[in-house]
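# Examining the three-dimensional arrangement
So the chains spell out like this:
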Amino acid sequence: MSDKAVITCSLNGVLTDPKQHHVPVTPEQMAREAKAAYDAGAAIVHIHLRDQRPDKGHLPSWDVNVSREIQQAIRDACPGIIINHTSGTSGPNYQGPLACIRETRPEIAACNAGSLNYLKVKSDNSWAWPPMMFDNSVEKIADFLGAMKDAGTIPEFECFDVGIVRCVGMYVQTGMYSGPLEYNFVMGVASGMPADPELLPILLKLKRPEAHWQVTAIGRAEIWPLHQACADLGGHLRTGLEDTFYLANGEKVTSNGQLIEEIAGCARRAGREIASPEEARKIFGVLH
């Protein structure tokens with residue numbers, strides 16, 4: 001078990017509409033939400049980029065200048081905080097996220113470690129959105145790992161299903177990746193791993209033994225027992241407005257700070273202290 005729990009705040013995500021939810025979009029908004037999370041115990045913030053044009057904040061962006069401005073605003077507001085940059089995009093054109101990583105050199109970046117049919121069914125048995133493939137071929141993953149190596153960025157391997165967890169070990173075996181190893185078990189996506197605490201012991205058997213790990217739990221109030229199990233088993237912790245809008249008591253939040261306060265309570269109930277950004281850098285091997 002890692003004695004100190006590193007908390008990541010997922011500030012905004014790629015799908016949530018700022019007209020419907022309190023997700024930050026502009027550099028100023030991102031910095032304000034990062035500060036609320038930082039003050040509540042987050043050592044890392046995971047960021048997505050949004051279109052900065054008026055009324056376009058619900059759309060993703062891969063503008064390198066937007067990435068720079070957001071990162072700088074967050075660093076100014078939260079001294080020492082670690083940036084974890086998104087890289088997820090579907091389709092054959094992923095030059096935008098590669099450029100953001102190469103040119104802004106975040107300390108950590110998401111590396112989506114396998115493909116997933118991204119599906120959800122509504123209560124009337126119709127698709128919640130047109131079925132889509134979140135494609136992450138080995139060639140695409142290798143390109144991202146190359147960009148991250150060039151930038152001095154540590155990959156956080158995003159695992160949406162059990163087989164993807166096993167693939168990460170193969171990337172190490174074949175020499176595709178060598179370096180500090182972090183798994184992020186993404187649980188609660190309807191077509192991926194369920195947000196079930198009983199799955200965690202299996203995932204821990206399948207990961208590389210030397211690797212750090214955390215859970216991203218997608219859902220509502222039902223995800224909090226999973227967060228507690230993660231804390232109890234020695235994992236690092238993540239929550240934020242990308243992942244949920246609800247506390248364990250079912251209350252809907254308006255800020256990332258509320259969610260970080262709640263997840264810090266999971267760590268403390270497990271008898272663990274919260275890692276500072278400086279301590280998180282040592283735990284994960286972040287060099288810059």
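Rules used throughout
Residues numbered from 1 in each chain as written. Predicted model: local features only at pLDDT ≥ 70, side-chain atom pairs only at ≥ 80, totals over all residues. Heavy atoms only, no water. Buried < 20%, exposed > 50% of the residue type's maximum accessible area, 1.4 Å probe, protein only. Helix = DSSP H or I, 4+ residues; strand = E, 2+ residues; numbered from the N terminus. Arc of directions from axis to C-beta. Contact = heavy atoms within 4.5 Å. Core = buried A, V, L, I, M, F, W, Y, C linked by side-chain atoms within 4.5 Å. Phe/Tyr/Trp six-rings, centres within 6.5 Å; stacked < 30°, edge-to-face > 60°.

What follows deals with helix α3 (residues 95–104). When α3 is considered as a whole, its buried residues turn out to be Pro-97, Leu-98, Cys-100, Ile-101 and Thr-104. Looking straight down α3, one finds its buried side chains confined to an arc of 165 degrees; they lie on one side. Tucked into the core, α3 has its buried residues touching α2 (64–77), β4 (82–85), β5 (108–112) and α4 (138–151). Looking one or two places after α3, you find Arg-105, whose phi comes out positive at around 55 degrees.

Turning next to the nonpolar core. With 86 residues, the main nonpolar core has Ile-74, Phe-185 and Leu-200 as its most contacted residues. Beyond its immediate chain neighbours, meaning those up to four positions away, Ile-74 contacts Leu-11, Met-30, Ala-31, Ala-34, Val-45, Ile-47, Ile-81 and Ile-83.

The full count for this structure, using the stated rule, is seven aromatic pairs. Note on Phe-157 and Tyr-177: the rings are 5.4 Å apart at their centroids and 75 degrees apart in plane angle, and the pair reads as edge-to-face. Taken together, the residues span a long stretch of sequence, with Phe-157 in strand β8 (residues 154–159) and Tyr-177 in the loop between α5 (162–173) and β9 (182–187) at a distance of 20 residues. Accessibility classification places Phe-157 together with Tyr-177 in one group, the buried group.

What follows deals with the environment of Leu-11. Within the secondary structure layout, Leu-11 lies in the loop between β2 (7–10) and α1 (27–40). In this structure Leu-11 comes out as buried when scored by relative accessible area, which is 0%. Sequence spacing of Leu-11 and Gln-29 is 18 residues, and the spatial spacing of their C-alpha atoms is 10.0 Å. If near-sequence neighbours (up to four positions away) are discounted, Leu-11 is found in contact with Pro-24, Met-30, Glu-33, Ala-34, Val-45, His-46, Ile-47, Ile-74, Leu-241, Glu-242 and Asn-256.

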